[in-house]
Amino acid sequence: MATWVYNFSKTPKKDKAGLKNLLGGKGANLSEMIKIGLPVPPGFTITTEACNEFYKRNRKNPIGLDKQVKSAIKEVEKKIGKKFGDKKNPLLVSVRSGARVSMPGMMDTVLNLGLNDETVLGLAAKTKNETFAYDSYRRFIQMYSNVVLGVDHHNFEDLIENYKLTKGVTLDTDLDAEDWKKLIKDFRDVIKREIKKDFPQDVYQQLWGAVGAVFQSWRNQRAKTYRKLNNIPEEWGTAVNVQSMVFGNMGDDCATGVAFTRNPSTGEKSFYGEYLINAQGEDVVAGIRTPQNITKKARLEAKSDALSMEETMPKVYGQLVQIYKKLEKHYKDMQDIEFTVENKKLWMLQTRSGKRTAKAAIKIAVDMVKENLIKKDEALLRIDPKMLDTLLHPTLDPKAEKDIIAKGLPASPGAASGKITFSADDAETLKSQNQKTILVRLETSPEDIHGMNAAEGILTCRGGMTSHAAVVARGMGKPCVSGSGTIQIDYQSKEFKVGNRVFKEGEIITIDGSSGEVMSGEVKTIKPDISGDFSKIMSWADKTRKMQVRTNAETPLDTKVAREFGAEGIGLCRTEHMFFDEERILYVRQMILSKSKEDRSEALGKILPFQKKDFYEIFSIMKGLPVTIRLLDPPLHEFLPKSEKEISSLASSLGISEKEIKDRISDLHEENPMLGHRGCRLAISYPEIYEMQCEAIFEAVLQCKKEKIKVLPEIMIPLVATGQELEILKELVDSKAKEMSKKYNQKLDYMVGTMIELPRAALNAHDISKHADFFSFGTNDLTQTTLGISRDDAGKFLDDYVDNNIFKIDPFVSIDVNGVGQLVELACKNAKRNKSKIKLGICGEHGGDPDSIMFCQKAGLNYVSCSPYRVPIARLSAAQAKILSKRN
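From a predicted model like this one, the values you see are computed outputs, not experimental measurements.

*Asks:* Just to check I follow, could you spell out the environment of T266 for this structure?
*Replies:* Along the chain, T266 turns up in the loop between β8 (255-260) and β9 (272-277). Leaving out residues up to four positions away in the same chain, T266 has contacts with K359, A360 and K363. Reaching out from T266, the side chain makes a polar contact with the backbone nitrogen of E268 at a distance of 3.1 Å.

And the structure:
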């Protein structure tokens, strides 16, 4: 029969990771604390496997669990000389969750379990403290009724508050045993009214109710949301820890508290925490009473009159200091500890690696290397790369008040406030008047790029984490909240509604792209503070990693930002974004509306100087680092006007009729433009477009050479599906290069490659690689074409797929290893078989995702490329991937 239960002091022989997987973090750490001789109340753990079995059996306990729990209870009874359910000397227990990773506050806890109308009398007599006994009983009834019976906690809190008002007291501790007896009677009346049943008196019925509630809390909404945000798999399950109670609420020589071995906000090496005299654990975290500082130093800094634990319980405080130092030395990490003092005796209830800010994580990691507690590799692994986002963007001041009106997806981190504007043009106009705006759109398109650039932040009603708005905003380092579905925009009235509230153009809102929150009015922000420790961590990461990190950038500003963040080249320069500039869009439209090759070439000739200037500026900033330029990719209709006003204006500028423009728009219309006449297909039909772009690239290269600036352009042909397409277009590039070399009598060094973004291209990599110097995997489109899912529409149903475990995570956020990943690996393998030195990279949004970067390391890619503000994340992730690859 399977073993479902382990005593804290008799755990199986497994490595630390295996033990944590089986017993959860809390259970494994309680066992570890006992092994190193710390005072831990006895108890046992019901395993995570039991939780999974509970769900497999349709929420019924695993076979044999009943007997194993009763046997474990007997062991605890022997150790402490009390009996579960005994009228004279009752054993009371706490029942707590414990997943393998910490999920603070997400699941349920029950304290003081084992109390009933009879055992409360035994507890009162044994402790000679009737008030304590009935205080504990009422706490148990409140907690159990809320967690297990589903009776809302406010029912009980209202009764207590009204009772205190009647009695003329303010604190719970002002109530005595008789008061609690009266309130307990009222509590039971509420329970009977709410659930039509009496509060359970059988202690084993209580225990099974609590165990079942903890198992079920693994799938409550807040736990599901937390798992989704932190990529925690549902199949991990939670353990349940049943531990004998120790009491911090027996009197003034008792206390309870929570502490961190270092400051979790700043990383400073100072003991940090709070405690309460004559209280239980939930009092500290629930804000029922104001906790006091643990150290005298913290009390003085906070200018508090409430004495610290160091002052009220100096002997116990000294023991706690010794223990926290021992724990930090043992775990070699900052610890978050919970403790209780019962009649001047200190008990440790929990230790775990403490949650910390990005700033604190970096400082602690660097300091612990200096203290010889950990090595540099371990320091790099300690920092969650995703947290670095919060260091690189302005963030909301945590002390500021917020009026949250809506929520969406946290598409691009950072916070911004500005006037509501509904059009890209208006955003640009207001920017020229030094006014800050938030661009609010149903969804954005490439022609909104100027407005997105002008706005402080972007808010959309539709779209997901990899929608156009999200991708472009991240590239620009702009905060963005996408897919905020409760917002209803009325473009005509220039307003949006959320419920009953109406927000008009010009009113100020704030968005937080790190949390997805939308707020009314201006909320104060604080600037990022990138410390010397940040640079040190990045330096260690760069010395460790094998893969290079490039950036996706096409403007001088993006390029400079990326270089400052340590980018080692450009992995994707999207030339179409350059076409939307106000000065050149007219010539682009003239080219599209041309009726002959000659007319097209004339219009392209007007665009060429702009393109040359763009490339020259980027080459100059990159100073010899590789620059991958993707030739024109989107379908031509994207560049044409949409509104009647724009059509009329264009007709006037070009001296043609509005009908001609409308006819051309109709000609170019496609039912599915994403799979239509775009990418290399455009160049097969209109080779002069790519010829102009290549000429502009080579002109810029030659100008740089003249100025002794090194340049290494990599010309990328998009949307290739066959070897023949690339062969034809490589010949076009080579022919233009020969022509330019001859004209200027200069040798031109360049590479030609392709973007692998179609399944057929991945499957035919051997054939395509014959004509390619490099492959760059465009995993945004490769994911769309492999899964047959539009990334702009996927937000409507992908959550359902994640909830039903069809996908572990949104495949546009983290690479689909079993589908898209297999295509990437196959393409790499077949390309290398044909050309061992072919350069392989990734330039989709996955290039900035830590889990996807881990996959890229395994697949043997040479580089990843991501938006400028994700470059530090990719540098650290690449280092972590290298370290872990050596261990596996």
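*Asks:* Is there a simple way to think about the nonpolar core in this case?
*Replies:* A general feature of soluble globular proteins is that nonpolar side chains tend to end up buried together. Within the largest apolar cluster, 139 residues are counted, with the highest numbers of intra-cluster contacts made by I537, F619 and I717. Ranked by size, the runner-up nonpolar core spans 68 residues in total, among them L92, V95, M107 and Y144.

*Asks:* Explain the sheet that holds strand β22 (residues 501-504) here, please?
*Replies:* In spatial order, the strands read β20-β21-β22; together these 3 strands make up an open sheet with antiparallel pairing. Looking at strand neighbours, the two that pair on one side only are β20 (488-490) and β22, the edges of this open sheet. For this sheet the average axis-to-axis angle between neighbouring strands, irrespective of direction, equals 25°. Of the strand pairs in this sheet, strand β21 (residues 495-498) and β22 are connected by 4 bridges, and their pairing is antiparallel. What sits directly across from F496, in β22, is F503.

*Asks:* Hey, could you run me through the sheet that holds strand β33 (residues 863-866) in this one?
*Replies:* Paired through their backbone hydrogen bonds, the strands of a sheet run either parallel or antiparallel. Around the barrel, 8 strands lie side by side as β26-β27-β28-β29-β30-β31-β32-β33; this closed barrel has parallel pairing. Neighbouring strand axes in the sheet, compared pairwise and without regard to direction, differ in orientation by 25° on average. Inspection of the sheet shows strand β30 (residues 751-756) paired to strand β31 (residues 774-777) by 4 bridges, in the parallel sense. Residue pairing in the sheet places G753 in a bridge with F774 of β31. Seen against the sheet, helix α24 (residues 597-622) touches β27 (570-574), β28 (626-630) and β29 (712-717) and runs at an angle of roughly 155° to β28.

*Asks:* Looking at this structure, I do not really get the pattern of salt bridges. What am I missing?
*Replies:* Here the idea is simple: oppositely charged side chains can pair when their charged atoms come close. Considering all chains together, one arrives at 61 salt bridges under this definition. Salt bridges sharing common partners tie together D135, R138, R139, E161, K164 and D172.

*Asks:* Sorry, what's going on with the packing of aromatic side chains here?
*Replies:* Counting across every chain of the model gives 22 aromatic pairs. Geometrically, the ring pair formed by F775 and F777 is edge-to-face, given 6.5 Å between the ring centres and 85° between the ring planes. Relative accessible area serves as the criterion here: at 0%, F775 is assigned to the buried category. Three or more aromatic residues joined by ring pairs form one cluster here, namely F54, Y55 and F215. Above the face of the Y204 ring, K70 is positioned so that its terminal group lies 5.2 Å from the ring centre. The ring of W347 carries K345 above its face, with NZ or CZ at 4.6 Å from the centroid.

*Asks:* Got a minute to help me understand the pairing of β28 in this structure?
*Replies:* For a regular strand, side-chain orientation follows a simple rule: the groups alternate between the two sheet faces. A large share of β28 lies buried, amounting to 5 of its 5 residues. Burial along β28 is two-sided: P626, T628 and R630 facing one way and V627 and I629 facing the other are all buried. Inspection of the sheet shows β27 paired to β28 by 3 bridges, in the parallel sense. Within the sheet, the bridge partner assigned to C573 lies in β28 and is I629. Here β28 runs beside β29; their pairing, made up of 5 bridges, is parallel. Pairing of I629 across the sheet is with I715, part of β29.

*Asks:* Which parts of the structure should I look at to understand unusual backbone geometry?
*Replies:* With the exception of glycine, the majority of residues adopt a negative phi angle, and the majority of peptide bonds are in the trans configuration. Phi angles above zero are rare outside glycine, and N112 is one such case at about 65°. Following the sequence through the fold, N112 ends up in strand β6 (residues 109-113). Phi is positive for K708, which is not a glycine, with a value near 60°. Here K708 is to be found in the loop between α28 (687-706) and β29.

*Asks:* Where do I start with a negative patch on the surface in this structure?
*Replies:* Among the surface-exposed residues, D425, E428, E582, E583 and E646 lie close enough to one another that they form a single negatively charged patch. Every element with two or more residues in the negative patch is listed here: α17 (424-432) and α23 (582-593). For E582, the location among the structural elements is in helix α23.

Cut-offs applied
Residues numbered from 1 in each chain as written. Predicted model: local features only at pLDDT ≥ 70, side-chain atom pairs only at ≥ 80, totals over all residues. Heavy atoms only, no water. Helix = DSSP H or I, 4+ residues; strand = E, 2+ residues; numbered from the N terminus. Contact = heavy atoms within 4.5 Å. Polar contact = N/O pair within 3.5 Å; in protein donor to acceptor, adjacent residues only side chain to side chain. Core = buried A, V, L, I, M, F, W, Y, C linked by side-chain atoms within 4.5 Å. Buried < 20%, exposed > 50% of the residue type's maximum accessible area, 1.4 Å probe, protein only. Pairing = 2+ DSSP bridges. Axes fitted to C-alpha atoms, helices over the stretch in contact; angles between N-to-C directions. Salt bridge = Lys/Arg side-chain N within 4 Å of Asp/Glu carboxyl O. Phe/Tyr/Trp six-rings, centres within 6.5 Å; stacked < 30°, edge-to-face > 60°. Lys NZ or Arg CZ within 6 Å of the ring centre and 35° of its normal. Patch = residues over 30% accessible without salt bridge, like charges linked within 9 Å, V, L, I, M, F, W, Y side chains within 5 Å. Areas by Shrake-Rupley, 256 points an atom, 1.4 Å probe, with all protein chains shown as cover. Lys, Arg positive; Asp, Glu negative; His and termini not counted. Charge placed at Lys NZ, Arg CZ, Asp CG, Glu CD.

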